[in-house]
Amino acid sequence: MYVCLHPCLFLQPFVLLKQIFWRSVEITSGFGMSLTGVHTCGDYMFSGHTVVLTMLNLAITEYTPKRLRVFHVCTWVLNIFGIFFILAAHEHYSIDVVVAFVITSRLFLYYHALASTRALRAGDNARLREWFPMFTYVEEHWSGDRVPNIYSNPIEDLRTYIRYRFGKQVKAAMHAKKS
């Protein structure tokens, strides 16, 4: 088990820098995972668990019909409970969870605000391409205000795909028998 550095070691700067360097090499080589025998003091300052919960919640809230208010409230309640249980299980420090929630929600909202701003997409906006290259690549073919919420039943889509896929094979087999 890895023991975190004792505060007295901060009085010896060169020993500390050497230990910090080799410890960071060890953590990086194991990608920070405890499965590889790397144990940390929990000092990552960002909770990936909270990011996933919050991103899922925001995507559901943004891209499902607005009439599903009860569903949206349920996802927010589940998000809050998930964050509580992350803290209760001592998976992350409180600040890790708060920072993850704030950064994730802000980036989600900033992206959607940027996507719905017509002034940024008027004409050839070189500054937008320079500062947000991934954004311009993803959103370059969209010209409306908002992405429309168009839904389809995934079961029907699967049935259509199966009919299309196997229909081609059946037609090919029938054509082969005729020849």
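Described below are features of the structure shown in this document.

Cut-offs and rules
- Residues numbered from 1 in each chain as written.
- Predicted model: local features only at pLDDT ≥ 70, side-chain atom pairs only at ≥ 80, totals over all residues.
- Heavy atoms only, no water.
- Helix = DSSP H or I, 4+ residues; strand = E, 2+ residues; numbered from the N terminus.
- Buried < 20%, exposed > 50% of the residue type's maximum accessible area, 1.4 Å probe, protein only.
- Contact = heavy atoms within 4.5 Å.
- Areas by Shrake-Rupley, 256 points an atom, 1.4 Å probe, with all protein chains shown as cover.
- Expected span 1.5 Å × (residues − 1).
- Phe/Tyr/Trp six-rings, centres within 6.5 Å; stacked < 30°, edge-to-face > 60°.
- Axes fitted to C-alpha atoms, helices over the stretch in contact; angles between N-to-C directions.
- Left-handed = near helix turned anticlockwise from the far one by under 90°.
- Nonpolar A, V, L, I, M, F, W, Y, C, P; charged D, E, K, R; others polar.

### Here's the deal with the overall build of the protein chain
Right, so step 1: Regarding its fold elements, the protein chain presents seven helices and zero strands.
Right, so step 2: Ordered by position from the N terminus, the helices and strands of the protein chain form the series α-α-α-α-α-α-α.
Right, so step 3: Looking at the 179 residues of the protein chain, the share that counts as buried comes to 21%.
Right, so step 4: Intrachain contacts of the protein chain at a sequence separation of at least 6 include 53% that bridge at least 24 residues.
Right, so step 5: On the protein chain, roughly 14200 Å² of surface is accessible, and the fraction owed to carbon and sulfur atoms is 70%.

### Some details on helix α2 (residues 48–63)
Spacing of three or four residues puts side chains on the same side of an α-helix, whose turn is 3.6 residues.
Right, so step 1: Its 16 residues place the ends of α2 22 Å apart at the C-alpha level, agreeing with the 22 Å of an ideal helix rising 1.5 Å per residue.
Right, so step 2: Within α2, the full set of buried residues consists of Thr-50, Val-51, Thr-54, Asn-57, Leu-58, Ile-60 and Thr-61.
Right, so step 3: Contact partners of the buried residues in α2: α3 (69–88) and α4 (94–115).

### With respect to the packing of aromatic side chains
Right, so step 1: Evaluation of the coordinates by the stated rule reveals three aromatic pairs.
Right, so step 2: Summarising the aromatic geometry, the rings of Phe-81 and Phe-85 are spaced 6.3 Å apart at their centres and angled 20° between planes, so their arrangement reads as stacked. Of the two residues, Phe-81 and Phe-85 are both situated in helix α3; the distance of four residues between them amounts to about one turn of the helix.
Right, so step 3: A relative accessible area of 45% places Phe-81 in the partly exposed class.
Right, so step 4: On the numbers, 5.4 Å between centres and 65° between planes, the contact of Phe-84 with Phe-85 is edge-to-face. The two residues Phe-84 and Phe-85 agree in class, both being exposed.

### Some remarks on the side chain of Thr-50
Right, so step 1: Inspection of the secondary structure assignment puts Thr-50 in helix α2.
Right, so step 2: The class of Thr-50 is buried, set by a relative accessible area of 0%.
Right, so step 3: Not counting chain neighbours up to four residues away, the residues in contact with Thr-50 comprise Ile-83, Ile-86, Val-97, Ala-100 and Phe-101.

### Examining the packing of α2 against α4
Right, so step 1: For the pair α2 and α4, the least separation of the axes is 9 Å and the interaxial angle reads 30°. Here α2 runs over α4; the crossing is right-handed. Here Thr-50, Val-51, Thr-54, Met-55, Leu-58, Ala-59, Glu-62 and Tyr-63 of α2 come into contact with α4, specifically with Val-97, Ala-100, Phe-101, Thr-104, Ser-105, Phe-108 and His-112.
Right, so step 2: By residue class, the composition of the contact of α2 with α4 is nine nonpolar, five polar and one charged.

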